[in-house]
Amino acid sequence: MQFMLLFSRQGKLRLQKWYVPLSDKERKKISRDLVQTILARKPKMCSFLEWRDLKIVYKRYASLYFCCAVEDQDNELITLEIIHRYVELLDKYFGSVCELDIIFNFEKAYFILDEFLLGGEAQETSKKNVLKAIEQADLLQEVRLHTDP
Amino acid sequence: MPAVSKGDGMRGLAVFISDIRNCKSKEAEIKRINKELANIRSKFKGDKALDGYSKKKYVCKLLFIFLLGHDIDFGHMEAVNLLSSNKYTEKQIGYLFISVLVNSNSELIRLINNAIKNDLSSRNPTFMCLALHCIANVGSREMAEAFAGEIPRILVAGDTMDSVKQSAALCLLRLYKASPDLVLMGEWTSRVVHLLNDQHMGVVTAAISLITCLSSKNPDEFKTCVSLAVSRLSRIVSSASTDLQDYTYYFVPAPWLSCKLLRLLQCYPPPEDGAVKGRLVECLETILNKAQEPPKSKKVQHSNAKNAILFEAISLIIHYDSEPNLLVRACNQLGQFLQHRETNLRYLALESMCTLASSEFSHEAVKTHIETVINALKTERDVSVRQRAADLLYAMCDRSNAKQIVAEMLSYLETADYSIREEMVLKVAILAEKYAVDYSWYVDTILNLIRIAGDYVSEEVWYRVIQIVINRDDVQGYAAKTVFEALQAPACHENMVKVGGYILGEFGNLIAGDPRSSPLVQFNLLHSKFHLCSVPTRALLLSAYIKFINLFPETKATIQEVLRSDSQIRNSDVELQQRAVEYLKLSSIASTDVLATVLEEMPPFPERESSILAKLKKKKGPGAVSVELEDGKERGELNGGGDRGVPDLTNALSTPSPSADLLGLRSAAPVSGAAPSAGSLLVDVFSEAGPAAASAGVNDDGFLRFVCKNNGVLFENQLLQIGIKSEYRQNLGRMYLFYGNKTSVQFVSFSTTLNVQTKTVEPLVEGGAQVQQVINIECLTDFVDAPLLNIKFRYGGALQNISLKLPVTINKFFQPTEMAAADFFQRWKQLSQPQQEAQKIFKASHGMDTEVLKAKLLGLGTALLENVDPNPENYVCAGVIQTKAQQVGCLLRLEPNAQAQMYRLTLRSSKDTVSQRVCDLLAEQF
């Protein structure tokens, strides 16, 4: 997988993960073009499209679009289920996840993704194991009291 | 504070995010962000040392601002400080910041690498994983330099935790992809392969991605993975849906791992070990069978996971391309999907069938679905699905269904989406040319293209129809008649005017006998379009007019009148003005003879690859054109250039065609320099045609060209060039094959098989690179059939398959024998039994130049004997063919007859098969 984007129906990027080296400018251009392309598609259309020399696999969950760019030899259907498994992980961790969870806890969304996919490949596909890793990490956090400015 | 915050919620961060969300305008948002940036800057610069929590919070805010799309140019140092915190969450945020905002400051990189090094050696698995994730996310060269040695050790160490192994495997993969030169193969490689046997499914899932990537680049080193992968796959496929616990996904056992296993196997040819192969075929059959079973769940996830495996299995079956039974089953399965209610499945089935169509085993089976595919083209609501259907029609097209498919594609063009029209036009043009049996159909098709989608008909397409009409005299009359009719339409596309102008200018005479299309009618028709056309088209029309003056003297006065008019001779466009002036002068000064010479009909275009195909490839990118050039022969027919004999690659490449000037006016001095814009149009096309030109269908010719020489280019197409160097001594030979990748893209899974044994070649040919293969040859006994060389590789996605005869011929083992005339005749008489002699009388297909003939006879390997034959025009040769089994003496006589352009070739040898074979081979050389 080359990259994964999460964006809202309004076209706001909520999460971006790049597995290939690209400049900031290229990333912005790609996201802009792709968000536009996908938002222009009708609901019943197919979840796959050719885009430049990549295959785009996307799916909409409520107000959020999840979109992956994979290479020519990659499997579209299994990518679609990668998206679904990630949604399940977020859902399980946040307890019926919504867009706001991802906005306010964007760092968690990244951590969960890193446990599930690394370098663009599935690292651990078991839901239990991924969540166990995240929960262990959460347990490690210190209990402390503090006052915020 | 919103209730959605979870975990170690940083209140300040949540408040900031809320503020941003509440901003009513972009300006307000920027204002709020600038305020925050100023605040953070002052905190970072302040005298008071910040505690870890505050640092974490501010770094996190910066990250958020960055992800909103704003630039961040500070905070890196604070993030790096967090890395060495012993508090997990601080460390974690530090790493996240570093991974997202990669920085190239070398001092910073040194600090980051130090922190990573500490975490890697901490033996705390959570810290180790964090560090590995960071390396995998950044993947820079600096990181590879620092850690490419360490990570393999972590990966294969016995005491490494499973979760760390998983991260290490994918981390290494990322580094290998970015800097393959820094990841050195070693003792760890064999141990990595054995991770396929690991008990922990997660470890296998992560490791297999690494193994697949390494295998595709070093297949030999990793080939033990094949049997391991097969047995792992077999265990998964045959397991019950609950066996694998949490690795079962919606009742499908380990779908990700299954797909990856099937993908890994696609790096290799079918397993040679019969047992392994049998087991694999069983797996593939089981997967195909499962597709027919009722679903275990109604959830789409169930069917997606199951079908993901099915499609990957089908890819493997197509990759092997050797099991007709499986191929046909795959095709039937895809056929079912073509009518599935899920759009996704229809899309994938169309895509997958496209590759099946190019397999000889399944091409016919694919063709049976033509009606469904045509229906998809007409009724699918999603343009990307229609696009796939069009691709598939293109791929399944052959002589038997070309008319139907072209007709359907044409009618689809009328309503096709603008985004795919140009490509459709190219494809229709290619199919029409490739499968044209009668050229009137071809001409009709192209004119229809212009009529329906004129705007999308690129120059290459209309140049091509002109090239073909010029080269085929049987279609010229029809073409003239048809364009004449097409031009009658009140509004016709400018491209039609171009084609019409050109064709009538050349062949208008063929329809001039009919009073309805008399010369003057033709001219008036063309000229009625003139004022609506752009400058290049007008220039072309002016050239057509001067050709008319030559074809039909009766139009001279009218046309001169036109040329003389102010709107021509004083046209503000310098090109048009110059043409008008020069043509007017030419027509008034030159005698009819001169005019007839200057304006002679265009000579046939040299035979070359269709420029349209090159265009389509360029448009679609590498690997996208699935029906490649296997049609060389057909194109040869079509261009009909005549008997040009063996195509000469270098000539086709470099010599600019003398006929390249649009209307052959090069010879007319006044015009030659004046028409760079329109006059040289065709030259441009040719320069794009690429060097594949003459080579498309020469697989056999290539072989014959090497009978009398040992070095040269055996094969060449757009992608690949194969060069040969060979040397022979007695009954031994050595041949060097050079495979050159002409593209800028890698060839993957490159393999060559010979029906004799060879060393394998590098499986990967980088863009622009060349790999070499050496073949040692021993001639055991005399032979007729040449060894077959089969080359397979993946370019882009498409599997390329090339079969060539290796130019190893019996004459390579000749030892020249010098002998005097008396000796020769004595031996000649000794070999007088009828079966010892082979003789052929044949027409010369090349010039009969003495020096060339001599060179060829010497190239054959025999000694050329002077002063032996009483007739000095004749050639006699002698040699001994060295085989391991025996030596075969061989005498040869070649009698040219320059007047009749014929040769008589006689061979005598002690073995009848040798006489016959050498005679056959040599007869093709003159």
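The name that an unreviewed UniProt entry assigns to chain B is AP-2 complex subunit alpha, with the source organism given as Hucho hucho. The annotation that UniProt attaches to chain B under Sequence similarities (unreviewed entry) is "Belongs to the adaptor complexes large subunit family." Database annotation for chain B, UniProt heading Subunit (unreviewed entry): "Adaptor protein complex 2 (AP-2) is a heterotetramer composed of two large adaptins (alpha-type subunit AP2A1 or AP2A2 and beta-type subunit AP2B1), a medium adaptin (mu-type subunit AP2M1) and a small adaptin (sigma-type subunit AP2S1)."

Chain A has the name AP complex subunit sigma in an unreviewed UniProt entry, where Hucho hucho is given as its organism. Taken verbatim from the UniProt record of chain A, the Sequence similarities (unreviewed entry) comment is "Belongs to the adaptor complexes small subunit family." As its UniProt record puts it under Function (unreviewed entry), chain A is described as follows: "Subunit of clathrin-associated adaptor protein complex 1 that plays a role in protein sorting in the late-Golgi/trans-Golgi network (TGN) and/or endosomes. The AP complexes mediate both the recruitment of clathrin to membranes and the recognition of sorting signals within the cytosolic tails of transmembrane cargo molecules."

Student: Mind showing me how you'd approach the overall build of chain A here?
Tutor: The helix and strand tally for chain A stands at 5 helices and 7 strands. Going residue by residue from the N terminus, the α and β elements of chain A occur as β-β-α-β-β-β-α-α-α-β-β-α. Residue pairs at least 24 apart in sequence account for 47% of intrachain contacts in chain A once pairs closer than 6 positions are excluded. For chain A, the exposed surface amounts to about 6300 Å²; the carbon and sulfur share of it is 52%.

Student: Help me understand the interface of chain A and chain B in this model?
Tutor: Accessible area lost upon the coming together of the parts serves often as the stated size of an interface. Contact with chain A, which involves 65 residues of that partner, is made by 82 residues of chain B. When the two sides are added together, the surface that chain A and chain B hide from each other amounts to roughly 6300 Å², 54% of it contributed by carbon and sulfur. Among the residues chain A hides against chain B, the three largest losses belong to A:Leu77, A:Phe104 and A:Phe106. Together they make up 11% of the total. The tally of links from chain A across to chain B stands at 4 salt bridges. In this structure, the connection of chain A to chain B is made through 26 residue pairs in polar contact (both at pLDDT 80 or more). Considering every element that reaches the side of chain A that touches chain B, the biggest residue donor is helix α2 (residues 76-94) of chain A, with 11 residues.

Student: Even after reading the chapter, I still don't get the pattern of salt bridges, so can you show me in this structure?
Tutor: A pair can form between side chains of opposite charge whenever their charged atoms are brought close. Residues and elements named next belong to chain B. Counted according to the given criterion, the structure contains 50 salt bridges over all chains. Taking the shortest distance from any N to any O, the salt bridge between Asp 73 and Arg 41 comes out at 3.6 Å. Taken together, the positions of Asp 73 in the loop between α3 (52-67) and α4 (76-83) and Arg 41 in helix α2 (residues 26-45) put the pair 32 residues apart, joining distant regions of the chain. A salt bridge links Glu 575 to Arg 579; its shortest N-O distance comes to 2.7 Å.

Student: Could you clarify how one ought to interpret the packing of aromatic side chains in this entry?
Tutor: When we look at a pair of aromatic rings, we describe it by the centre distance and by the angle of the planes. Per the stated rule, a full pass over the model turns up 29 aromatic pairs over all chains. Seen from their ring centres, A:Phe7 and A:Tyr65 are 5.3 Å apart, and the 10° between their planes marks the pair as stacked. With A:Phe7 in strand β1 (residues 3-8) and A:Tyr65 in strand β5 (residues 64-70), this pair connects stretches of sequence that are 58 residues apart. Each member of the pair, A:Phe7 as well as A:Tyr65, is classed as buried. Here the aromatic rings of B:Phe548 and B:Phe552 are separated by 5.2 Å at their centres, their planes lie at 75°, and the arrangement is edge-to-face. With relative accessibility at 4%, the residue B:Phe552 sits in the buried group. A network of ring pairs unites the aromatic residues B:Tyr739, B:Phe747, B:Phe750 and B:Phe793 as a single cluster. The ring of B:Tyr58 carries B:Lys57 above its face, with NZ or CZ at 4.9 Å from the centroid.

Student: Got a minute to help me understand the side chain of B:Glu29 in this structure?
Tutor: Relative to the assigned elements, B:Glu29 resides in helix α2. Note on B:Glu29: relative accessible area 8%, which makes it buried. Apart from residues lying up to four places away in sequence, B:Glu29 is in contact with A:Lys12, B:Ile20, B:Cys23, B:Leu68 and B:His70.

Student: Looking at this structure, I do not really get the environment of B:Leu184. What am I missing?
Tutor: Within the fold, B:Leu184 resides in the loop between α10 (162-178) and α11 (187-193). Here the alpha-carbon distance between B:Leu184 and B:Gly149, two residues 35 residues apart in the chain, equals 7.7 Å.

Student: Would you mind going over the confidence of the model for chain A with me for this structure?
Tutor: Atomic detail in the predicted coordinates should be set aside for any region of low pLDDT. Residue and element names in this part refer to chain A. In the predicted model, chain A carries a mean pLDDT of 88, and the fraction of residues at 70 or more is 94%. Per-element confidence in chain A ranges from a low mean pLDDT of 84 for helix α5 (residues 127-140) to a high of 95 for β5. Considering only residues more than four positions removed or in separate chains, one finds that residues 142-149, a stretch of pLDDT under 50, has 15 contacts.

Student: How do you make sense of the environment of A:Asp138 when you look at a structure like this?
Tutor: Turning to its location among the elements, A:Asp138 is positioned in helix α5. The contacts of A:Asp138, once residues within four sequence positions are left out, are A:Tyr93 and A:Lys108.

Student: Would you take a moment to explain the pairing of strand β2 (residues 13-18) of chain A for this structure?
Tutor: Remark: a regular strand shows side chains that alternate across the two faces of the sheet. Residue and element names in this part refer to chain A. Counting buried positions along β2 yields 5 of 6 residues, so the element is predominantly enclosed. With 5 bridges joining them, β1 and β2 adopt antiparallel strand pairing. Bridge assignment links Leu 5 to a residue of β2, and that residue is Gln 16. Between β1 and β2, which pair antiparallel one after the other, the connecting turn spans 4 residues, and Gly 11 there sits at a positive phi close to 85°.

Student: Would you mind going over the nonpolar core with me for this structure?
Tutor: Residues A:Tyr86, B:Ile116 and B:Leu449 are the most contacted members of the largest nonpolar core, which totals 279 residues. Ignoring anything within four residues of it in the chain, the contact list for B:Ile116 reads B:Tyr95, B:Ala131, B:Cys134, B:Ile135, B:Met143 and B:Phe147. Listed in part, the 60 residues of the second largest apolar core include B:Val707, B:Tyr795, B:Leu860 and B:Ile881.

Student: What's the story with unusual backbone geometry in this structure? I'm lost.
Tutor: Leaving glycine aside, a negative phi is the common case for residues, and trans is the common case for peptide bonds. A positive phi angle, near 30°, is found at A:Ser96, a position not held by glycine. Although it is not a glycine, B:Gln245 sits at a positive phi angle of roughly 45°. Along the chain, B:Gln245 turns up in the loop between α13 (225-237) and β1 (248-249). The class of B:Gln245 is exposed, set by a relative accessible area of 65%.

Student: I keep staring at the sheet that holds strand β4 (residues 720-729) of chain B and nothing clicks. Help me out?
Tutor: For sheets, the rule is that strands pair by backbone hydrogen bonds, running either parallel or antiparallel. Residues and elements named next belong to chain B. The sheet built from 4 strands is open, its strands ordered β3-β4-β5-β7 with antiparallel pairing. Looking at strand neighbours, the two that pair on one side only are β3 (712-716) and β7 (770-778), the edges of this open sheet. Each strand of the sheet is rotated relative to its neighbour by a mean of 25°, with strand direction disregarded. Where strand β5 (residues 732-741) meets β7, 9 bridges bridge the pair, whose relative direction is antiparallel. Note that in β7 the partner of Leu 732 across the bridge is Glu 778.

Conventions adopted
Residues numbered from 1 in each chain as written. Chains lettered and ligands numbered in written order. Predicted model: local features only at pLDDT ≥ 70, side-chain atom pairs only at ≥ 80, totals over all residues. Heavy atoms only, no water. UniProt positions renumbered as here; feature names shortened; annotations may be inferred. Helix = DSSP H or I, 4+ residues; strand = E, 2+ residues; numbered from the N terminus. Contact = heavy atoms within 4.5 Å. Areas by Shrake-Rupley, 256 points an atom, 1.4 Å probe, with all protein chains shown as cover. Buried area = accessible area lost by both parts, 1.4 Å probe. Salt bridge = Lys/Arg side-chain N within 4 Å of Asp/Glu carboxyl O. Polar contact = N/O pair within 3.5 Å; in protein donor to acceptor, adjacent residues only side chain to side chain. Phe/Tyr/Trp six-rings, centres within 6.5 Å; stacked < 30°, edge-to-face > 60°. Buried < 20%, exposed > 50% of the residue type's maximum accessible area, 1.4 Å probe, protein only. Lys NZ or Arg CZ within 6 Å of the ring centre and 35° of its normal. pLDDT = per-residue confidence, 0-100. Pairing = 2+ DSSP bridges. Core = buried A, V, L, I, M, F, W, Y, C linked by side-chain atoms within 4.5 Å. Axes fitted to C-alpha atoms, helices over the stretch in contact; angles between N-to-C directions.

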